[in-house]
Amino acid sequence: MYIISLLGNSLLMAIIKSERSLHEPMYLFLAMLGATDIALSTCILPKMLGIFWFHMPQIYFDACLLQMWLIHTFQCIESGILLAMAMDRYVAICDPLRHATIFTHQLLTHIGVGVTLRAALLVAPCLVLIKCRLKYYWTTMVSHSYCEHMAIVKLAADDIRVNKIYGLFVAFSILGIDIIFITLSYIRIFITVFSLPQKEARLKAFNTCIAHICVFLEFYLLAFFSFFTHRFGFHIPSYIHILLSNLYLLVPPLLNPIVYGIKTKQIRVGLSKIFHHKDTS
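Nothing here was measured: the structure is a model prediction, and the numbers come from that model.

Chemist: How should I be thinking about the pattern of salt bridges in this particular structure?
Modeler: Side chains that differ in sign of charge can pair as their charged atoms come close. All chains considered together, the criterion is met by 5 salt bridges. The partner of D88 in a salt bridge is R89, with the nearest N and O atoms 2.9 Å apart.

Chemist: Sorry, what's going on with the state of the cysteines here?
Modeler: Structurally, a disulfide amounts to a covalent bond that connects the sulfur atoms of two cysteines. According to the stated counting rule, one finds 1 disulfide in the structure shown. Disulfide partner of C64: C147, at an S-S distance of 1.9 Å. Residues C64 and C147 are joined through a disulfide that is left-handed, its torsion about the S-S bond being -115°. With a gap of 83 residues between them, C64 in helix α3 (residues 61-94) and C147 in the loop between α5 (105-133) and α6 (149-153) connect regions that are remote in the sequence.

Chemist: Got a minute to help me understand the side chain of E78 in this structure?
Modeler: By the secondary structure assignment, E78 is in helix α3. R118 provides the closest opposite charge to the buried, unpaired E78, separated from it by 11 Å. For E78, the contacting residues outside a window of four places in its chain are L33, T36, D37, L40, F219, P252 and N256.

What counts as what
- Residues numbered from 1 in each chain as written.
- Predicted model: local features only at pLDDT ≥ 70, side-chain atom pairs only at ≥ 80, totals over all residues.
- Heavy atoms only, no water.
- Salt bridge = Lys/Arg side-chain N within 4 Å of Asp/Glu carboxyl O.
- Disulfide = S-S within 2.5 Å.
- Helix = DSSP H or I, 4+ residues; strand = E, 2+ residues; numbered from the N terminus.
- Buried < 20%, exposed > 50% of the residue type's maximum accessible area, 1.4 Å probe, protein only.
- Lys, Arg positive; Asp, Glu negative; His and termini not counted.
- Contact = heavy atoms within 4.5 Å.

As structure tokens, this is what we get:
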């Protein structure tokens, strides 16, 4: 899964970089998403393979905290990029004449920097709260194959209410707010699309959103399913928690380039050009 996601997202970014016609907000956001997917899966795979292949489960505490910060930061960045892609589709369909003037390259840069800083700064206090507040631990055995916030916090013998509350605050202030605005954007998009007089125009407008809707659903459904089973699924076996957590970080990077490759004609054309050029050379 990791190799396919690495190759798929790298190929996707190469196509977008090489094709000048794809230097549009929708595809540039897609390139950002691909880079984030590669970084997210790379945060967990080396250590995970070390555990399963070479029986090396040990990890230093500070390295575990760093891995936790990177994982949750990239998750929040991905959520922010999905929100930006929804806003792009909203303007492109509901106010197409102003799309080029609103989504300039300068705005795209600001969005990229903004979602990165938002994620990094909001997740960073989780490190401080664990490092400074939690002094004693029942065990040092993390139940997951990577360092996740609640998996570390649950090991502590101290009062963990502040850590749990802040974790919920970060989850709902980023993922919760993002999913609300994405949903509102698509409600407005659907109203606009279904009010178009011609069937062909409706299908064409809707087709530009299908890939993003699929990526949006796979990311948030897996995220919330893993989130709620981890916090409220006390009767679910631990291996189910571990499996869901692994799939949550591995499935979206695997499926995203496949979904966009199948549903987006311009990317299929760019892919055929790359392989055709290799064949002719």
